[in-house]
Amino acid sequence: MEQNGAELIVGLDIGTTKVCAVVAEVSQDRQLKIIGIGDSESKGLRKGMVVNIEDTVRSIRQAVDAAGQMAGCNIASVFVGIAGGHIMGINSHGVIAVQSKEVTASDVARVLEAARTVAIPSDREVIHTLPQEFIVDSQRGIVDPIGMAGVRLEVNVHIVTAAVSGAQNIINCCNRAGLHVEDIVLESLASAKAVLTDEEREIGVALVDLGGGTSDIAIYENNAIKHTAVVPLGGSTLTNDIAFGLRTPTKSAERIKIKYGCSLRDLVQMDETIEVPSVGGRPPQKLSRLSLTDICEPRMEEIFTFVDRTLVNTGCKDRIRAGVVLTGGAALIEGGVELGEQVFNVPVRLGYPTNVKGLTDVVNNPKFATAVGLLHYGAEKKLAQQALNEGAQSSQAAPAEVEDHEPIDNAQDPDGLFSRLMRRMRRWFQDIA
């Protein structure tokens, strides 16, 4: 999508509590400049799954129209995030014989296809195949094997699958809202692109995206994804607890959670009070803020305990030497970092979107992490596609030299590996031409 000659990318985060659309302009130096933001209340999803098509379509239109109006453009295509309890991640292994003396892009494509050949139920589909490491003749830890000499090529990958109905319903809602879905991306991977540093990815980190309906986990080490998981508890669970415990409407409970919520009793003064709206026309009541904290702390501790148990059960707890990064709307609740350090027993920090220009003061909030991450993902994919197209044009000048190179599916490349492969192929093509 272009406007005035500039490439535009739109990230659409369809969450359980909110729908957020962010429009960015890609500059010549590949920097993202955010020029439009729109959000709306999400009414058609529950725990990441569409439960009402019409309500979801309406929420999408409201968010996209607001973002398009701010950016001064008509939005036609989007990169969409997906989450929910139906998401599952598995590790797989592929091995092939190298066709020539050196590993080529064709060999990389074949070994990834071999790794994808696993038994997956018919009601599930693969949305990501994420390379963890390549192995050439028993030499491990290789990130880019192209050009290396060897006779045997192996790869360890992490495969992310989703329920076919869950993914298709998201796409159908976007289509009915008049949008073309360029790609569908796991939300925790998108958030990781926005908030994690290169150093954290290298030494080991766990990203915990505290969304409305679910808490999504992505674990990195050596610049590769090691594990993904979903905890079916999120910010809306806490909102419901507050509404029930304080006998207040759900919308009022959400506002109280954001403004006064605290995850750690030690951070609240004994004399602090809050005004809580009542139901049925009754006058509002004044309560101690400690009573609200007594609701928030156990639920947040339960969510963190589930996450910690996941880290331990997958054998990844000892790998996260950089600690845990919390992001998402529910991460803003006061005391979350302190409580997280008590539960995880590792350093914890809040993750804010980075590496963007433009309306940075607006998106500088953990609740925009997924939407901004979708922009980074989209920019990387378009860059890889451009390199592939340029390579194809160059190959027409010398077809005999490059006929063994096959196009690679960049849709399965949220971590930029194929982007590097395409850049290397482009340099080869230019040298040949």
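This write-up is about the structure you can find in this document. (Residues numbered from 1 in each chain as written. Predicted model: local features only at pLDDT ≥ 70, side-chain atom pairs only at ≥ 80, totals over all residues. Heavy atoms only, no water.)

## Re the pairing of strand β12 (residues 180-186)
Buried residues dominate β12, accounting for five of its seven residues. Here strand β7 (residues 77-82) pairs with β12 via six bridges, running parallel. Of the residues in β12, the one forming a bridge with G81 is V185. (Buried < 20%, exposed > 50% of the residue type's maximum accessible area, 1.4 Å probe, protein only. Helix = DSSP H or I, 4+ residues; strand = E, 2+ residues; numbered from the N terminus. Pairing = 2+ DSSP bridges.)

## Here's the deal with unusual backbone geometry
Backbone phi values are negative for most residues with the exception of glycine, while trans is the configuration of most peptide bonds. One non-glycine residue with positive phi stands out, namely K47, at about 55°. Of note, K47 is situated in the loop between β5 (45-46) and β6 (49-50). Of note in this structure, S138 is not a glycine but carries a positive phi near 70°. You can call S138 exposed: its relative accessible area is 62%.

## Considering the nonpolar core
Counting 68 residues, the largest nonpolar core has L12, I14, I34, I60, I75 and L179 as the members making the most contacts within it. In this structure I34 touches V22, V23, A24, V356, K357, G358, L359, V363, V372 and L375, once residues within four positions along its chain are discounted. Among the nonpolar cores identified, the runner-up in size contains 37 residues, and I217, L238, I242 and I274 belong to it. (Core = buried A, V, L, I, M, F, W, Y, C linked by side-chain atoms within 4.5 Å. Contact = heavy atoms within 4.5 Å.)

## Structural notes on the packing of helix α1 (residues 53-71) against helix α3 (residues 164-176)
Relative orientation of the contacting elements α1 and α3 amounts to 55°, with a least axis distance of 9 Å. Classified by the angle their axes make, α1 and α3 are oblique. The two elements α1 and α3 cross, and the hand of that crossing is right-handed. In this structure, α1 uses I53, E54, T56, V57, I60 and R61 to contact α3, whose residues at the interface are N169, C173, C174 and R176. (Axes fitted to C-alpha atoms, helices over the stretch in contact; angles between N-to-C directions. Parallel < 35°, antiparallel > 145°, perpendicular 65-115°, else oblique. Left-handed = near helix turned anticlockwise from the far one by under 90°.)

## Details of the sheet that holds strand β15 (residues 224-231)
Within a sheet, neighbouring strands are paired by backbone hydrogen bonds and run either parallel or antiparallel to one another. Pairing is mixed in the open sheet, where five strands are placed in the order β15-β14-β13-β18-β19. For this open sheet the edge positions go to β15 and β19 (348-350), each flanked by a neighbour on one side alone. The sheet shows a mean angle of 20° between the axes of neighbouring strands, taken without regard to direction. As paired strands, strand β13 (residues 205-210) and strand β14 (residues 215-221) are joined by six bridges and run antiparallel to one another. By the bridge assignment for β14, A206 is matched with I219. Running over the sheet, helix α9 (residues 336-344) touches β18 (324-327) and β19 and is turned about 155° from β19.

## Considerations on the packing of helix α6 (residues 235-246) against helix α8 (residues 289-313)
Axis separation between α6 and α8 bottoms out at 10 Å; the angle between their running directions is 145°. Crossing hand, α6 versus α8: right-handed. Across from T237, L238, D241, I242, G245 and L246 in α6, the residues of α8 making contact are S291, L292, I295, C296, R299 and M300.

## Digging into the packing of aromatic side chains
The full count for this structure, using the stated rule, is two aromatic pairs. Between F79 and Y377, the aromatic rings sit 6.0 Å apart at their centres with planes inclined by 70°, giving edge-to-face as the arrangement. One end of the pair, F79, is in strand β7; the other, Y377, is in helix α11 (residues 369-395), with 298 residues separating them in the sequence. Relative accessible area serves as the criterion here: at 0%, F79 is assigned to the buried category. Relative to F344, the ring of F304 has its centre 5.4 Å away and its plane inclined at 55°; by these criteria the two rings are tilted. One end of the pair, F304, is in helix α8; the other, F344, is in helix α9, with 40 residues separating them in the sequence. Residue classification places F304 among the buried positions, given a relative accessible area of 0%. (Phe/Tyr/Trp six-rings, centres within 6.5 Å; stacked < 30°, edge-to-face > 60°.)

## Considerations on the state of the cysteines
For the coordinates displayed, the defined rule picks out zero disulfides. Note on C262: no disulfide assigned, nearest cysteine sulfur contributed by C296 at a separation of 7.6 Å. (Disulfide = S-S within 2.5 Å.)

## Digging into empty space enclosed by the protein
Tallied over the full model, the rule gives one cavity of 30 Å³ or more. Counted as a void, the largest cavity has a volume near 30 Å³. Elements that contribute at least two residues to the lining of the largest cavity include exactly β14 and β15. It is β15 that provides the largest number of residues to the lining of the largest cavity, a total of three residues. Along the lines of polarity and charge, the residues of the lining of the largest cavity split into five nonpolar, two polar and one charged. (1 Å grid on protein atoms, 1.4 Å probe; cavity = no way out; pocket = protein on both sides within 12 Å on 5 of 7 lines; lining within 4 Å. Points joined across faces, edges and corners; volume = space filled by probe spheres on them. Nonpolar A, V, L, I, M, F, W, Y, C, P; charged D, E, K, R; others polar.)

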